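# Descriptive analysis of the structure
Now for the letters of each chain:
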Amino acid sequence: MRYAESRDRLQNALHEAGLYSPHTSRRIERIELGDTARSWKIYLHRVVPPGTEPFHVSASVEFGWSPVNSARAYTSEEDVLTELLGRRRRPLRTERRWTRIDLSLRASLPYGSTTPMPEPQVFGAWTAAVVAEADAVFTAIEERKGRTVAVLGSHGGVELRARCGPDGLASLEALALSGFRMVRVPRVWDDPDRLAAERDPGIELRQLARMFRTAFDEWSQKVADLATWIRYSPPPPGSTPVGPWFDDQAWDDDDDDDDGGPETTH
């Protein structure tokens with residue numbers, strides 16, 4: 001399987017899952033002139049549930065394609081081994097081909113806007129729930145005889161971007177969660193028996209697309225829960241907020257006082 005076929009099959013799987021539209025989804029493809037490594041990235045097309053405002057929820061999927069992967073796709077495994085090691089009497093085994101597919105989930109406030117950090121008790125419970133759902137989607141390991149031999153999926157936990165004011169208080173700007181899954185790519189063999197043993201990745205790609213859709217929907221719902229808490233919860237007792245909490249009028253597009261500049265809610 002070559003790069004173009006892998007790209008098209010992944011796009012088709014995402015389209016079937018309702019995450020990709022050839023007309024509205026933004027796609028970025030690059031090729032490095034130095035080593036011909038390729039990269040592919042799209043921003044997912046998905047209607048988020050109401051209640052996530054003022055956060056803007058977005059997501060992207062990307063994967064890379066190395067020069068070695070290209071070489072193995074344009075000829076057979078036997079020919080690659082012959083070029084690298086010379087002819088051998090006994091056929092050699094090769095490592096399975098893999099490609100790493102990354103999903104990045106984000107939630108950001110409008111440009112220039114911030115909000116006070118949620119209380120640790122609330123933010124901690126929210127983060128734990130998000131991580132538990134991410135574990136179910138991304139975490140995957142391959143074991144042999146009770147030992148872990150490969151990590152086929154993982155995530156980096158919740159990340160946040162904050163701004164520190166002159167008073168030393170941090171304000172929240174954006175949240176993110178990224179993870180990956182490894183997908184098997186069929187090898188090309190001259191040996192018909194070996195070629196027949198290679199599994200088609202179509203089913204795996206469709207399952208992956210559905211998992212990514214679930215992750216996107218769960219992330220959107222969790223962001224909506226956090227936005228509700230920020231919007232309606234009062235400041236912690238004894239604390240002095242930097243400024244007003246989220247106000248419904250602050251996000252009204254018909255506000256006559258809007259001067260077109262960034263709005264800060266902190």
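With that settled, the discussion passes to unusual backbone geometry. At the junction of Glu 53 and Pro 54, the peptide bond is cis and its omega measures out at 10 degrees in the coordinates. Within the element layout of this structure, Pro 54 appears in the loop between strand E2 (38–43) and strand E3 (56–65). Positioned with a positive phi, Thr 36 is a non-glycine residue whose angle comes to about 65 degrees. Exposure remark for Thr 36: the relative accessible area of 42% places this residue in the partly exposed category.

Moving on, we get to the packing of aromatic side chains. Enumeration over the complete set of coordinates arrives at 7 aromatic pairs. Residues Tyr 3 and Phe 63 carry aromatic rings whose centres are separated by 6.0 Å and whose planes lie at 45 degrees to one another, so their mutual orientation is tilted. Of the two residues, Tyr 3 is situated in helix H1 (residues 3–16) and Phe 63 in strand E3; the sequence distance between them amounts to 60 residues. Accessibility classification places Tyr 3 together with Phe 63 in one group, the buried group. The interplanar angle of 40 degrees and the centroid separation of 5.3 Å between the aromatic rings of Trp 40 and Phe 63 together place this pair among those described as tilted. Residue Trp 40 is found in strand E2, and its partner Phe 63 is found in strand E3; the two are separated by 23 residues along the sequence. For Phe 63, a relative accessible area of 6% puts it in the buried group. Among the aromatic residues, those joined into a ring-pair cluster are Tyr 3, Trp 40, Phe 63 and Trp 65. When the ring centre of Tyr 74 is taken as reference, the NZ or CZ atom of Arg 2 above it lies at 3.9 Å.

Buried within helix H2 (residues 67–74) we find Asn 69, Ser 70, Arg 72 and Ala 73. Angular distribution of buried residues about the axis of H2 spans 165 degrees; they occupy a single face of the element. Set apart from the buried face of H2 by more than 90 degrees, the exposed residues are Val 68 and Tyr 74. On its buried side, H2 packs onto E3, helix H3 (77–85) and strand E4 (97–108).

Take the side chain of Ser 104 next. Tracing the backbone through its elements, the reader meets Ser 104 in strand E4. For Ser 104, a relative accessible area of 13% corresponds to the buried category. Of note is the side chain of Ser 104, whose polar atom sits 3.5 Å from the side chain of Ser 178. Look past the residues within four positions of Ser 104 in its chain and what remains in contact with it is Ser 58, Ala 59, Ser 60, Glu 62, Leu 177 and Ser 178.

Turning our eyes to something else, we now look at the confidence of the model for the protein chain. The predicted model of the protein chain averages 81 in pLDDT, with 85% of residues at 70 or higher. Across residues 236–266, where pLDDT falls below 50, the model places 48 contacts with residues more than four positions away in sequence or in other chains.

Turning our attention to the environment of His 23. Following the sequence through the fold, His 23 ends up in the loop between H1 and strand E1 (27–31). Residues His 23 and His 45, 22 residues apart in the sequence, show an inter-C-alpha distance of 9.9 Å.

If you look at the biggest cluster of nonpolar residues, it comprises 45 residues, and the most contacted ones within it are Leu 14, Leu 44, Val 61, Ile 101, Leu 103 and Trp 219. Those elements that provide at least two residues to this core are H1, E2, E3, E4, helix H4 (120–138), strand E8 (170–185) and helix H6 (202–232). Ranked by residue count, the leading element in this core is H6, at 12 residues. When neighbours within four sequence positions are excluded, Leu 14 is seen to be in contact with Leu 19, Tyr 20, Trp 40, Ile 42, Leu 44, Val 61 and Ala 209.

What counts, and where the lines are drawn
- Residues numbered from 1 in each chain as written.
- Predicted model: local features only at pLDDT ≥ 70, side-chain atom pairs only at ≥ 80, totals over all residues.
- Heavy atoms only, no water.
- Helix = DSSP H or I, 4+ residues; strand = E, 2+ residues; numbered from the N terminus.
- Buried < 20%, exposed > 50% of the residue type's maximum accessible area, 1.4 Å probe, protein only.
- Phe/Tyr/Trp six-rings, centres within 6.5 Å; stacked < 30°, edge-to-face > 60°.
- Lys NZ or Arg CZ within 6 Å of the ring centre and 35° of its normal.
- Arc of directions from axis to C-beta.
- Contact = heavy atoms within 4.5 Å.
- Polar contact = N/O pair within 3.5 Å; in protein donor to acceptor, adjacent residues only side chain to side chain.
- pLDDT = per-residue confidence, 0-100.
- Core = buried A, V, L, I, M, F, W, Y, C linked by side-chain atoms within 4.5 Å.

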